[in-house]
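Tertiary structure, described
One-letter residues, chain by chain:
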Amino acid sequence: MWRIFRSELLKLRKSHITLLVFVSPLLASLLALLESVQEEAFPWHQLLATMALLHGLLFLPLLAGVFAAFICRYEHAGGGWKQIFVLPVSRTGVYVVKFGLVMGLLLACQLLFLGGLLGVGMLKGIEAPVPWDMLGRSLLGGWVACAPLAALQLAVSTAWSSFAAPLALNVIFTLPNILVINSEKFGPWYPWGQPVLAMLSGAQDGFGAFLVPPETLLIVIAGGFALFFAGGLLYFRRKAM
Amino acid sequence: MSAWIIETDRLTKTVGGKTLVDGLNLTIGKGEVYGFLGPNGAGKTTTIRMLLGLIRPTRGKVRLFGQDLQRNRTAVLRKVGSLVEYPSYYGHLTGYENLEAVRRLLDAPKSRIDEVLGVVRLTKGAGRPVKAYSLGMKQRLGIATVLLGKPELLILDEPTNGLDPAGILEIRELIKSMARDHGMTILVSSHLLSEVDQMATRVGIIHKGKMIFQDSIQALRDRSRGRISLTVDRTEEAWKALLGSGIRAEAADGRLLVESLSDEKVAAIVRLLVRHDIAVYRIQEEKRSLEEHFLALTDGGDSL
């Protein structure tokens, strides 16, 4: 597994995909900076809500798809799959490592987001102590909530040799997010909406699917992840090259 | 345990009701250079993909190094280097980095990269991104990749496809030296007999998914040896005279055709005919090239 990871890392590092990690935290931070300062009882909560909305609603789901597609792109393009599978490595190992890298990139994105949030807070002169507990839960929650979506996108990206098709699919399903999460009934079940729900589930003024208790959300996420990941892996192991 | 390095048992692949490979029994012994021949679309690549576990056979089994491929895939593939169809590469990486990516998977020593680059003479271009490579360079990079893990068995699918004559010659020499100097067992597929003629010790000819010939290259040569045509005045009597001394000839429009024989045997035939008072007008050898024989075996290469 370690061998596969090191090989994948080399391929990944040399592609420019890693730069995309910065996009969302930067945009979210800029947006938050432009927002006028208001006297708030919970300034950090308010800041998180402002930043996480764009990030969780739009960028996180999009990036999960982009990373998954990118990590398969150079394999599809140059016959890489074929080369890997005639080498003494297990297909399961390759799939797990690929998924791990997608999640790793998303984690990096979350950490940068945290950095951006703290930076904006400082620039705005928020004096209240940083609520690490709340921030940690939100960011980690958002990250974990990306897992089903990342698994689904990875499955699609390995199955389709086209780079654009999985991305298009992802965009099409990400855009209705804003509507879907308003529904208490369907919101939690929607893989593209789960990241923002998880990131903002602690917010007081909840509406729609935000009213769903975090425990329920977690169960749905875990179930979705297991389903998509197992399905993708099963397909990948049998895929004819 | 069998002595075969590659052994397939009634290997069959059916896709959408079409049988691409049909009950193939392919055997390759240690140290052999096996020419796997057949016209385009005969099932060569499909067979090779099954040999490497890239696709699953519909029926039949593959054994490599005496072990079942499905059960011991990774252990077996460690000893195999293969190149299927076109060479695989990562365009955004340099030649060196491409090798490094595979080296990490194989856990081979780092020095091995420079070694294989030297073998395929790609040391100079190794620092350039592969997307700028010519087809010949990509092919050489592919072969370098194949050699990284010091395999005991090479499986090369049309390794000279798309190369210029100099490139073809170079790859051919490389394959020969791999067998000679490193004792590797090699399977090379091609749709041209002339390509493997000079390096193969054994050949298998596949046509429409079926193995129609599998034997030493010498046996193929013997089968395709020319015939001696004798033009005589009394064909019928000459034919009987030859048969009387155990030589089976074929009579056709005033000529007798006999399978190619040694000079002494031809001389004996002539003596025999003269003794029977039969006038011999002409003795000709009808040469049939190996390629013609191959084409005849495969229905004149009807894929062309």
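In this text, all values refer to a predicted model and were calculated from it rather than measured experimentally. (Residues numbered from 1 in each chain as written. Chains lettered and ligands numbered in written order. Predicted model: local features only at pLDDT ≥ 70, side-chain atom pairs only at ≥ 80, totals over all residues. Heavy atoms only, no water.)

When helices and strands are counted, chain B shows 11 helices and 15 strands. For chain B, the C-alpha radius of gyration of 24 Å lies well beyond 19 Å, the compact-globule estimate for 304 residues. Overall, the C-alpha framework of chain B stretches about 80 × 45 × 35 Å when taken along its three principal axes. Put simply, chain B has 304 residues, and 51% of those count as buried. Partitioning the intrachain contacts of chain B with sequence separation of at least 6 by distance along the chain shows that 68% fall at a separation of at least 24. Of the roughly 14,300 Å² of accessible surface on chain B, 50% is carried by carbon and sulfur atoms. Charged side chains of chain B number 45 positive and 37 negative; the gap between the two group centres comes to 6 Å. (Helix = DSSP H or I, 4+ residues; strand = E, 2+ residues; numbered from the N terminus. Rg over C-alpha atoms; globule rule 2.2 N^0.38 Å. Buried < 20%, exposed > 50% of the residue type's maximum accessible area, 1.4 Å probe, protein only. Contact = heavy atoms within 4.5 Å. Areas by Shrake-Rupley, 256 points an atom, 1.4 Å probe, with all protein chains shown as cover. Lys, Arg positive; Asp, Glu negative; His and termini not counted. Charge placed at Lys NZ, Arg CZ, Asp CG, Glu CD.)

For the rest of this paragraph, the subject is the sheet that holds strand β11 (residues 210–216) of chain B. Residues and elements named next belong to chain B. Read across the sheet, 6 strands follow the order β7-β8-β9-β4-β10-β11 without closing on themselves; strand pairing throughout is mixed. A strand with exactly one partner marks an edge of an open sheet, and here the two such strands are β7 (80–83) and β11. Ignoring strand direction, the axes of neighbouring strands in this sheet form an average angle of 15 degrees. Strand direction decides the pairing type here: strand β4 (residues 33–37) and strand β10 (residues 202–207), joined by 4 bridges, are parallel. Its bridge partner being in β10, Leu-37 is matched across the sheet by Ile-205. (Pairing = 2+ DSSP bridges. Axes fitted to C-alpha atoms, helices over the stretch in contact; angles between N-to-C directions.)

For the rest of this paragraph, the subject is helix α1 (residues 2–13) of chain A. Between the first and last C-alpha of α1 of chain A there are 16 Å, a value that for 12 residues agrees with the 16 Å anticipated at 1.5 Å per step. Buried within α1 of chain A we find Ile-4, Ser-7, Glu-8, Leu-10, Lys-11 and Leu-12 of chain A. Looking at the packing, one finds that the buried side of α1 of chain A touches α3 (43–78), α4 (80–85) and α5 (91–123) of chain A together with α3 (95–106) of chain B. (Expected span 1.5 Å × (residues − 1).)

We now examine the UniProt feature "domain: ABC transporter" (unreviewed entry) in chain B. According to UniProt, the positions carrying the feature "domain: ABC transporter" (unreviewed entry) are residues 6–233 of chain B. Strand forms 29% of residues 6–233 of chain B and helix 34%; the C-alpha atoms that close the span are 54 Å apart. (UniProt positions renumbered as here; feature names shortened; annotations may be inferred.)

With that settled, consider helix α4 (residues 111–119) of chain B. Residue and element names in this part refer to chain B. Arg-112, Ile-113, Val-116 and Leu-117 are the residues of α4 that are buried. Projected onto a plane normal to the axis of α4, the buried residues spread over an arc of 135 degrees and lie on a single side. In this structure, the buried residues of α4 make contact with α3 and α5 (135–147). Of the residues flanking the end of α4, it is Arg-121, one or two places downstream, whose phi is positive at about 55 degrees. (Arc of directions from axis to C-beta.)

Following the UniProt record, one finds the feature "transmembrane region" (unreviewed entry) at residues 52–74, 95–118, 138–156, 163–181 and 217–236 of chain A. Across residues 95–118 of chain A, the secondary structure splits into 100% helix and 0% strand, with the terminal C-alpha atoms separated by 35 Å.

To continue, consider the nonpolar core. The nonpolar side chains of a soluble globular protein tend to be buried with one another. In terms of nonpolar packing, the biggest core is built from 150 residues, with Leu-106 of chain A together with Ile-6, Ile-186 and Leu-187 of chain B touching the most fellow members. Among the elements that line this core, the one with the most residues is α3 of chain A, at 17 residues. Once residues lying within four places of it in the same chain are set aside, the contact partners of Ile-6 of chain B are Leu-26, Thr-27, Ile-28, Leu-51, Arg-63, Leu-64, Leu-153, Ile-155 and Leu-187 of chain B. Of all hydrophobic cores here, the second largest spans 13 residues; its members include Ala-238, Leu-272, Leu-273 and Ile-278 of chain B. (Core = buried A, V, L, I, M, F, W, Y, C linked by side-chain atoms within 4.5 Å.)

Attention shifts here to empty space enclosed by the protein. Under the defined criterion, the tally for this structure stands at 2 cavities of 30 Å³ or more. Reported here for the largest cavity is a volume of approximately 220 Å³. Contributing to the lining of the largest cavity are 22 residues, with Gln-83, Val-86 and Leu-87 of chain A together with Ser-82 and Val-146 of chain B lying nearest its centre. Secondary-structure elements contributing two or more residues to the lining of the largest cavity are α4 of chain A together with β7, α3 and α5 of chain B. With 4 residues, the single largest contributor to the lining of the largest cavity is β7 of chain B. For the lining of the largest cavity, the residue count by class is 13 nonpolar, 7 polar and 2 charged. The calculated volume of the second largest cavity comes to roughly 50 Å³. Only α5, β8 (153–157) and α6 (165–182) of chain B provide two or more residues apiece to the lining of the second largest cavity. When residues in the lining of the second largest cavity are grouped by element, the largest group, 4 residues, is from α6 of chain B. Residues belonging to the lining of the second largest cavity are distributed by class as follows: 8 nonpolar, no polar and no charged. (1 Å grid on protein atoms, 1.4 Å probe; cavity = no way out; pocket = protein on both sides within 12 Å on 5 of 7 lines; lining within 4 Å. Points joined across faces, edges and corners; volume = space filled by probe spheres on them. Nonpolar A, V, L, I, M, F, W, Y, C, P; charged D, E, K, R; others polar.)

Of note, Asp-107 of chain B is a non-glycine position whose phi angle comes to about 60 degrees, a positive value. The residue Asp-107 of chain B is located in the loop between α3 and α4 in this model.

Here we take up the confidence of the model for chain A. Residues with a pLDDT of 70 or more make up 93% of chain A, whose mean pLDDT is 85. The spread of mean pLDDT over the elements of chain A runs between helix α8 (residues 177–180) of chain A, the lowest at 80, and α5 of chain A, the highest at 91. (pLDDT = per-residue confidence, 0-100.)

Overall, the coordinates contain 21 salt bridges over all chains when judged by the stated rule. Measuring nitrogen to oxygen at the nearest pair gives 2.9 Å for the salt bridge that ties Lys-14 of chain A to Glu-97 of chain B. One end of the pair, Lys-14 of chain A, is in the loop between α1 and α2 (23–34); the other, Glu-97 of chain B, is in helix α3, on a second chain. Lys-14 of chain A gets classed as partly exposed once you look at its relative accessible area, which sits at 37%. Classification of Glu-97 of chain B as buried rests on a relative accessible area of 14%. With its nearest N and O atoms 3.3 Å apart, the salt bridge here joins Arg-180 of chain B to Asp-181 of chain B. Considered together, Arg-180 of chain B and Asp-181 of chain B belong to a single accessibility category, that of exposed residues. (Salt bridge = Lys/Arg side-chain N within 4 Å of Asp/Glu carboxyl O.)

What follows concerns the packing of α5 of chain A against helix α10 (residues 214–238) of chain A. Residue and element names in this part refer to chain A. α10 packs onto α5 with a crossing angle of 135 degrees between their chain directions and a minimal axis gap of 9 Å. Between α5 and α10, the angle is such that the two are oblique. In this structure, α5 crosses over α10, and the sense of that crossing is right-handed. Side by side, α5 and α10 meet where Arg-91, Thr-92, Val-94, Tyr-95, Val-96 and Phe-99 of the first sit next to Phe-225, Phe-229, Gly-232, Leu-233, Phe-236, Arg-237 and Arg-238 of the second. Of the residues that constitute the contact of α5 with α10, the class distribution is 8 nonpolar, 2 polar and 3 charged. (Parallel < 35°, antiparallel > 145°, perpendicular 65-115°, else oblique. Left-handed = near helix turned anticlockwise from the far one by under 90°.)

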